[in-house]
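# Fold and contact review
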Amino acid sequence: MLDDALHFLVQAQEDPDWARLGRHLPSEWIEQAVVHTGKASIRRRRLPAEQVVWLVVALALYRHQSISEVVDDLDLALPDVQAPFVSKSAVAQARQRVGAEPLRALFEISAKAWSEQDRKQYLFKGLSLYAMDGTTLKTADTPEQRDHFGEQSYASGRIASYPQVRGVTLTAVPTHLIRDAKFGPYGINEMLHAKELLASIPDDSLTVFDKGFLSAEILCGLTVGGTNRHFIIPAKSNTKWEVVGGTADDAMIEMRVSPQARKKCPDLPETWRARAITIIDQSARKHVLLTSLCDTKRYTAKDVATCYTRRWQIETSYRELKQTMMGRALTLRSRTVEGVYQEIWGTLTAYNLIRLEIAKAALAVKCEPTEVSFIRAFHVIQYELHWAAVTRSHGKLPALMQRLRQRLLMLLNEERPGRK
């Protein structure tokens, strides 16, 4: 770090030419989110709603710094000669005024736009590849949060030490950009979140699911609710079907929809068809993959198996979020229900910002975004943002230097033989 700092001072005799984070996250989106949710500041404040939105995003990038430190170090407050620093209570009150809705709206606006930017660069035979899965986040153990979010309970009658938030995300596999997400109390079933996310899956796409989402309501809703939308999902051990064509290892099958499912959703057909492909994993275990990709010539069994293998990259994105960005912290930092939701949406936006910058850098050298080290890229962005804050920038959120992307290109993961 000292070597980098000295190098920067030697090279910085003139104002550097910066590429701004605002290029990716324009102020118009923030204003739109704030106004749309009715949280725009009417009177002049040191931390108006727009600045608080930037603050929550910045807090996700500097997880182990206090809120006051982030406000001061990144110069997020509007200038005031009489009061150069903002008090802790003022920052807390500003976050409470804004709430979670503007951050949720900003995430939804930005996530959809960013996931569409370079989508055509990563198509699999004309289809965009997505993965959907669930995760949990622990919150501080306060009566309010335990009452709202609930906790995991065990067969022994014991309950988890911390309340938990349950969520489901729709993630672009090639770039790890999160296109949409739903979060709520732990007691809400992942299937309910998944149904809400179906509308966010674009046309001409292939979504890979964990077997826990095997449901006619979800899979039929996916294929019928859009144009050329497909799925891959492993069959459960007790899944029953009737073979109507194909071969033993690559068959067309027909499954019956249960009366209970049809009662909940009368639009479901009595039966639905899929393609069942048998694969053998590295441990010599047999699995059956169900898919709506019925064209056996265009989408071979090997193609389907390869796409399913890439599903595990959504688990990598959860690790990047929960371990790298949160610094292995046990819980989210917020101690109120509204603050938890606000923190989650801010963290997802910050994560997408990092992933978008990595994707742009990868395109410049024609490599896969997953070949760039997320940990090192995250540290570089933290470092560059801090330097941007102490220079003569007038931006609301510190800018990224153009050399940031050049440094990202030097962070390609090294091949490590023998690792799975």
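Residues numbered from 1 in each chain as written. Predicted model: local features only at pLDDT ≥ 70, side-chain atom pairs only at ≥ 80, totals over all residues. Heavy atoms only, no water.

- As annotated in an unreviewed UniProt entry, the protein carries the name IS4 family transposase and comes from Pseudoduganella chitinolytica.

## Concerning the sheet that holds strand β9 (residues 271–280)
- Strand order in the open sheet formed by 9 strands is β4-β3-β2-β5-β6-β10-β9-β8-β7, and the pairing between neighbours is mixed. Since the sheet does not close on itself, it has two edges, and those belong to β4 (178–185) and β7 (242–246), each with one partner. Averaged over all pairs of adjacent strands, the angle between their axes in this sheet comes to 25°, without regard to strand direction.
- Where strand β3 (residues 164–172) and β4 come together, 7 bridges link them in antiparallel fashion. Paired with Gly167 across the strands is Phe183, a residue of β4.
- Sheet strands in contact with helix α11 (residues 301–309) are β2 (128–138), β5 (205–209), β6 (229–234), β8 (250–256), β9 and β10 (286–291), and its direction is about 85° off that of β9. (Pairing = 2+ DSSP bridges. Helix = DSSP H or I, 4+ residues; strand = E, 2+ residues; numbered from the N terminus. Axes fitted to C-alpha atoms, helices over the stretch in contact; angles between N-to-C directions. Contact = heavy atoms within 4.5 Å.)

## Considering empty space enclosed by the protein
- Tallied over the entire structure, the rule returns 5 cavities of 30 Å³ or more.
- Size it by volume and the largest cavity reaches roughly 140 Å³.
- Along its surface, the largest cavity is lined by 15 residues, and Ser115, Arg119, Tyr122, Ala172 and Thr175 are the ones closest to its centre.
- Looking at the lining of the largest cavity, the elements that each hand over two or more residues are α6 (101–117), β2 and α13 (337–365).
- Of the voids in this model, the second largest cavity is the one considered here, and its volume is about 120 Å³. (1 Å grid on protein atoms, 1.4 Å probe; cavity = no way out; pocket = protein on both sides within 12 Å on 5 of 7 lines; lining within 4 Å. Points joined across faces, edges and corners; volume = space filled by probe spheres on them.)

## As for the packing of aromatic side chains
- Throughout the structure, instances matching the rule amount to 9 aromatic pairs.
- Seen from their ring centres, Phe149 and Tyr341 are 5.4 Å apart, and the 55° between their planes marks the pair as tilted. Residue Phe149 is located in helix α7 (residues 143–149), and its partner Tyr341 is located in helix α13; the two are separated by 192 residues in the primary sequence. We note that Phe149, like Tyr341, is buried.
- When the centroid spacing of 5.5 Å and the interplanar angle of 45° are considered together, the rings of Tyr351 and Phe374 count as tilted. Within this pair, whereas Tyr351 is found in helix α13, its partner Phe374 is found in helix α14 (residues 374–389), the two being separated by 23 residues in sequence.
- Residue Phe374 is classed as buried on the basis of its relative accessible area, which comes to 4%.
- Here the aromatic residues Phe107, Phe183 and Trp345 are joined through ring pairs into a cluster of three or more.
- Sitting over the face of the ring of Tyr186, Arg166 holds its NZ or CZ atom 4.1 Å from the ring centroid.
- Lying across the ring of Trp312, Arg311 places its NZ or CZ 4.3 Å from the centre. (Phe/Tyr/Trp six-rings, centres within 6.5 Å; stacked < 30°, edge-to-face > 60°. Buried < 20%, exposed > 50% of the residue type's maximum accessible area, 1.4 Å probe, protein only. Lys NZ or Arg CZ within 6 Å of the ring centre and 35° of its normal.)

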